[in-house]
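Chain by chain, the residues:
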Amino acid sequence: MIKTVDTPSLNWAIEEYENAIKALETADHGLSAQHILKVLTARDAVQAAINQKKQPNSDALIKRIKQLDTRLENKADSINRAMKIAARLEEKADSINRAIKLADWQTILNSPKKDWWWLLDPITANWLWRFLSLVFVTISLSLIIDISAKFFQGGPDTTGVFAVIVPSVLTLLAGGGALTKPGQEGMEYILTSLKFDRNSWDKLICLFSAIVLAIVVFIWFSLPSVANSYVHWGDQAYCQAEINQDERTGNNNCLPKIDKAESRYQRAIILNSGNAKAHYKLGKIYQETEDFEQAISHYKIAAKGGIDKAYYDLANLYFDRHDYPQSDRWLRKVVKPLESNKQGYEITKQHLNLLQKLARTYLEQKEYPQAIYWLTLGRDATKDNEIRYNVLKLLGWVYVKQQRYDAISILQDAIKIDREKASAYCLLAQAWEQQGNSKEAKTNWEQCLAYSNQSDPDEDKWNVLANQYLKHRGEQG
Amino acid sequence: MKTNLSIPLVLTLALTMVNGEILLAQKQPIAQVIESQGMKVKREQNSEYKDIKVQDNLYLGDLLRVPKGGKGVIQCTNNSTTWTVPDDDLPRGVANTCSPRKS
C-alpha cells in the first residue's frame, strides 16, 4: 500500500516531501507514475501532519512547505506529460487516447477531494478569466483616477480621502492578484488558505475584480449624491443660503462662514459639474462678495440647470450694475408675457418689485414703451393692493409724461385702492392740469399736499409743485 | 307719510354723524396743535377750512393754513418734533412733516 495516512511529525513529512520533489525534478524525462505518486502521497502526509493540532506549525515550516508546493506546481506540466506517456504505454490500443488523471488516483487512494496537488491536471480556459480580470481592473483603475482627480482637486478632505482610498486598495488587490507575480503569490496564498479549488482560482480572481469594479462604479455613480451632500454642508456653513443677510446673522446665532461654504459648493461642482444648486449658491456667495463676473457666470449655469430663481438674480444683478437691457432680458425669462393671459396668473412679489424698478428706470430714461410693457404686465398679474397701487401709479406717471388722457382713469384706479397715499393725487393733479381742468387739478393738488411726505423724494418734489400751483392760483384769484 | 320718510332719513343722518365721529376717533392723531393764532384746518372729510385751537389733534390728510401775520405751531406725535407752519396762507399737509406711525 502506497498511501500513508498515519500522522508523522511535520518535519519528517516535509523531509519526505522534499525528497520526493527532488526525485521528481532529477527524473526529468524519465519521470514515471511512481515518482508522481510518491510526491503526491508525501504531500498528503505533510497535510495530515499540519492538520494534527498538536504539531507546532512554525512560520519557517509553513514557508518551506510553500516553497516545495511551488516547486511541485512548476512541475505540473511535466507531470501531466508523464501521465499521458504512462497511459499510452500501459493502456491498450483502443484506450490509448484516454489520459489518466490524477483525480482518478485520488479517488482510488481516498485522499481529500479538495487537495490541490491532486488537481495538477492542465487548467483550461484560464486566459479568458484572466483577460476579463484585466478588463475589469483597467476599468476600475480608470474610474479611480477620475474619482481621485475630482476629490483631490482643490485639496483633499476626509470624505475625499475615504472615497478614494477604499476603491484604490481593492483595485490594487484585484489588479495585483491578477497581473503581478507577487500579487499572484499573495492571492494564491490566500486562496490556498481558504481551501479553494485551484482550478477556480482565476475565476475567483475575476469575480473579485468584477466585485471591485462594481464597487468603483457604484462610487462613481454616487458622485452626484456626494455632491448634494457637499451642497448641504455648504448650506450649513452659509447658515442656509436661502435666508437673507439680516435674518441670517440674527437667526440662531449662526454666523456664515463664507470661505468654507464656497469651498464646499466648489467641491460639489467638481464632483458633479451639472449641480445647478451648487452653482446657484456659489453665485449668491460671489454676489455677496461683489465678485460679479463670477456670480453672473454661476447664475447662468444654474439657470440653465433649471433653477428659476437664478433668472431673477441675474436680472437683479444686472439692474444693480445699471445694465438695464440685460436686466430686462433676464427678467423676461421668468415673467413671460404670454402667460399673463392665463387665468389666475400671478407674478411673485420679488419679480414685481424688480419689474417696478425696471419700469421706473425706463420712465426716467424716457423709454416709455418698455415701461408700459412691464407695468401693464405687472398690473394684470397681481392681487396685492400695495403693489397694484404702485404699478398703477407708475403707469399713470408714464401716461402723464406722454400727456395721455388715459392717465386720469389709471390714477383714479390707484386712488380707489389707497386714498391715503399722495403720489396718485399728485400725478392726477398734473393730468388734470394737462387737460385744462383747473378745478380738478386744484382739488388733487390739495390732496397731494394733505398726504405727501417729505421723506419720499417724489412726494416732496410734488409738494413743491402743489404749493407753486396753489400759490399761482391764489394770485390769480 | 311724512313721518314714515323722515324717520329713516333722520336715522341715516344720525348714523352718518356717529360713523364720522367713530372714524375720526379710530384714526390715530399724527400731530397736536401747540400754538395757534389764526391757523385753520381743513379735515379730510370737510370742504372748508375751520379755526383750530391749541391741543387739538391733527390727522393724516389734514391741511393747515396760516394767514400772513398769524402763527401756527404743531408737534408730531411720533418724534415730538415741532413745526411752524409758514404764514403764507398756502395749504400745508400735516403728513408732510409728521408721517403716520407705521404699525
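Quick caveat: nothing in here was measured; it's all calculated off a predicted structure.

Cut-offs applied
Throughout, a residue's number is its position along its own chain's written sequence, starting from 1. Whichever chain is written first becomes A and whichever ligand is written first becomes 1, with later ones labelled in order. Note on the predicted model: pLDDT of at least 70 is required for a residue's local features to be given, and 80 or more for side-chain atom pairs to be given and counted; whole-chain, interface and lining totals, by contrast, use all residues. As a rule here, side-chain values come from all non-hydrogen atoms in the structure, and water together with hydrogens is ignored. In DSSP terms, a helix is any run of H or I states spanning at least four residues, a strand is any run of E spanning at least two, and both are numbered starting from the N terminus. Only protein chains enter the area calculation, which uses a 1.4 Å probe; residues under 20% of their type maximum are buried, those over 50% are exposed, and those in between are partly exposed. Here the accessible surface of atoms and residues is derived via Shrake-Rupley with a 1.4 Å probe, and residues count as covered only by protein chains that are part of the display. Here, two residues are considered to be in contact whenever any of their heavy atoms come within 4.5 Å of each other. The rule for pairing is simple: two strands pair if DSSP sees at least two bridges between them. Each axis is a line fitted through C-alpha atoms, taken for helices only over the stretch in contact, and angles between the N-to-C directions span 0 to 180 degrees. Here, two cysteine sulfur atoms that lie within 2.5 Å of each other are counted as a disulfide. As a working definition, buried area equals the accessible area (1.4 Å probe) given up by two parts on being put together, with both sides summed. Between Lys or Arg on one side and Asp or Glu on the other, a salt bridge is scored when a side-chain nitrogen of the former is within 4 Å of a carboxyl oxygen of the latter. Residues adjacent in sequence count toward polar contacts only when both atoms are side-chain atoms; beyond that, a polar contact is any pair of N or O atoms within 3.5 Å, and within protein one must be able to donate a hydrogen and the other to accept it. Lys, Arg, Asp and Glu make up the charged group, whereas Ala, Val, Leu, Ile, Met, Phe, Trp, Tyr, Cys and Pro make up the nonpolar group; the residues left over, Gly among them, are polar.

Asks: Pulling in residues and values, what's your account of the overall build of chain A?
Replies: When helices and strands are tallied, chain A shows 22 helices and zero strands. Burial statistics for chain A: of 477 residues in total, 45% are counted as buried. Approximately 25500 Å² of chain A is accessible, and the part contributed by carbon and sulfur atoms is 54%.

Asks: Now, about the overall build of chain B: what can you tell me, with residues and values included?
Replies: Scanning chain B for helices and strands turns up two helices and eight strands. Across chain B, helices and strands are ordered from the amino to the carboxyl terminus as α-β-β-β-β-β-β-β-β-α. For chain B, with 103 residues in total, the buried portion stands at 33%. Long-range contacts, defined here as pairs at least 24 residues apart, represent 48% of the contacts in chain B between residues at least 6 apart. Accessible surface computed for chain B: about 6600 Å², of which carbon and sulfur atoms make up 55%.

Asks: Report on the sheet that holds strand β8 (residues 92-93) of chain B, specifying residues and quantitative values.
Replies: The four strands are arranged β3-β2-β5-β8 (chain B) in an open sheet whose pairing can be described as antiparallel. At either margin of the open sheet sits one strand with a lone partner, and together these are β3 (50-51) and β8 of chain B. Judged from the three bridges that link them, strand β2 (residues 40-42) of chain B and strand β5 (residues 63-65) of chain B form a sheet pairing that is antiparallel. Note that in β5(B) the partner of Val41(B) across the bridge is Leu64(B). The strands touched by helix α21 (residues 438-451) of chain A within the sheet are β2, β5 and β8 of chain B, with β5(B) carrying the most contacts at an inclination of about 100°.

Asks: Lay out the sheet that holds strand β1 (residues 31-37) of chain B in plain terms, naming residues and giving numbers.
Replies: Residue and element names in this part refer to chain B. On the basis of which strands lie adjacent, the open sheet formed by four strands has the order β4-β1-β6-β7 and antiparallel pairing. The open sheet is flanked by β4 (57-58) and β7 (82-84), the only strands paired with a single partner. Bridge count for β1 against β4 is two bridges, and the pairing is antiparallel. Looking at the pairing, Ala-31 lines up with Leu-58 of β4.

Asks: Residues and numbers for the state of the cysteines, please.
Replies: Residue and element names in this part refer to chain A. Scanning the entire structure with this criterion turns up two disulfides over all chains. Between the sulfur atoms of Cys-426 and its disulfide mate Cys-448 the distance is 2.0 Å. The sign of the 90° torsion about the S-S bond sets the Cys-426-Cys-448 disulfide as right-handed. Of this pair, Cys-426 sits in helix α20 (residues 422-435) while Cys-448 sits in helix α21, placing them 22 residues apart in sequence.

Asks: Lay out the side chain of His351(A) in plain terms, naming residues and giving numbers.
Replies: Residues and elements named next belong to chain A. Structurally, His-351 can be placed in helix α16 (residues 349-364). According to the relative accessible area criterion, His-351 is buried, its value standing at 13%. Setting aside its immediate chain neighbours within four residues, His-351 contacts Tyr-312, Leu-331, Val-334 and Val-335.

Asks: Please set out the pairing of β1(B) residue by residue, giving values where relevant.
Replies: It is a general feature of regular strands that their side chains alternate between the two faces of the sheet. Strand direction decides the pairing type here: β1(B) and strand β6 (residues 71-76) of chain B, joined by six bridges, are antiparallel. In the sheet register, Ala31(B) faces β6(B), and the bridge partner there is Cys76(B).

Asks: Explain the interface of chain B and chain A residue by residue, including any values.
Replies: Opposite the 16 residues of chain B that make contact, chain A presents 13 residues. Taking both sides of the interface into account, the surface hidden between chain B and chain A amounts to around 1200 Å²; carbon and sulfur atoms contribute 46%. In this structure, the salt-bridge partner of Lys42(B) is Glu446(A), at a minimum N-O distance of 2.7 Å. Run the count over chain B and chain A and you get six residue pairs in polar contact (both at pLDDT 80 or more). Residue contributions to the side of chain B that touches chain A peak at three residues, all from helix α2 (residues 94-97) of chain B. Of the residues assigned to the side of chain B that touches chain A, the class counts are six nonpolar, five polar and five charged.

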